[in-house]
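Residue-level structural notes
For reference, the chains in residue letters:
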Amino acid sequence: CSFAFMLPAATPPNSVVFATGRVRISHFVRAGICLNALAIVLGSLLIYGMAAVVYNVDGPFPQWACLPEKCVWVPIRGLVRGEWVTSQACAIIEPGMCRLLDGTVLNATSLEIVALR
């Protein structure tokens, strides 16, 4: 898939038309700039919508994505982005301390609540 609408070599028909010598590159640029902008906007929205449906990017943070040096997985129930979970990611903020998505700070070694958001 190519979004290079404003280039003569973007598609075979563009190359054929450009080879006739009757159309200049400036014509391609004028006509293609709007198509490029539209394709970028619609493509981005489509990909975001597909990611929400296919990969659940708006859902809770998945356990497989919790890197050991960046977060710990804690067995604390709660509501995360509209879904009830039985365990969740806790981002490490300093050695022994981590923060849940709702802002609650935990002692990661004993899982005691240190401060609420």
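To be clear, the structure that these remarks concern was listed above.
Residues numbered from 1 in each chain as written. Predicted model: local features only at pLDDT ≥ 70, side-chain atom pairs only at ≥ 80, totals over all residues. Heavy atoms only, no water.

**Quick notes on the state of the cysteines**
What counts, and what does not: Two cysteine sulfurs form a disulfide in these notes if their separation is within 2.5 Å. The buried label applies to any residue whose accessible area, calculated with a 1.4 Å probe on protein chains only, is under 20% of its type's maximum; exposed applies above 50%, and partly exposed to all values in between.
A full pass over the atoms with the stated rule returns two disulfides. Paired by a disulfide, Cys-66 and Cys-71 hold their sulfur atoms 1.8 Å apart. In terms of burial, Cys-66 and Cys-71 fall into one category: buried. Cysteine pairing for the protein (bonded cysteines numbered in sequence order): 1-2, 3-4.

**Some points on the environment of Ala-9**
Stated formally: For helices the rule is a DSSP run of H or I covering at least 4 residues; for strands it is a run of E covering at least 2, with both sets numbered from the N terminus onward.
Tracing the chain through its elements places Ala-9 in the segment before α1 (12-19). Taking C-alpha positions, Ala-9 is 15 Å from Arg-22, a pair spaced 13 residues apart along the chain.

**Brief notes about the pairing of strand β4 (residues 88-94)**
Put simply, the test is: Only when DSSP finds a minimum of two bridges between them are two strands counted as paired.
Judged from the four bridges that link them, strand β1 (residues 71-74) and β4 form a sheet pairing that is antiparallel. Looking at the pairing, Cys-71 lines up with Ala-91 of β4. As defined by bridge partners, β4 adjoins strand β5 (residues 97-99) across three bridges and the pair is classed as antiparallel. Opposite Ile-92, over in β5, you have Cys-98 as the bridge partner.

**Quick look at the side chain of Asn-14**
Selection criterion: Under this definition, polar contacts are N or O atom pairs within 3.5 Å; protein pairs additionally need one hydrogen-donor-capable and one acceptor-capable atom, and for neighbouring residues in sequence, both atoms have to be side-chain atoms. Note on definitions: a residue-residue contact is assigned when non-hydrogen atoms from the two residues lie within 4.5 Å.
Turning to its location among the elements, Asn-14 is positioned in helix α1. Looking at Asn-14, its side chain comes within polar contact range of the main-chain oxygen of Leu-7, at 3.3 Å. Apart from residues no more than four positions distant in its own chain, Asn-14 is found in contact with Phe-5, Leu-7, Pro-8 and Phe-28.

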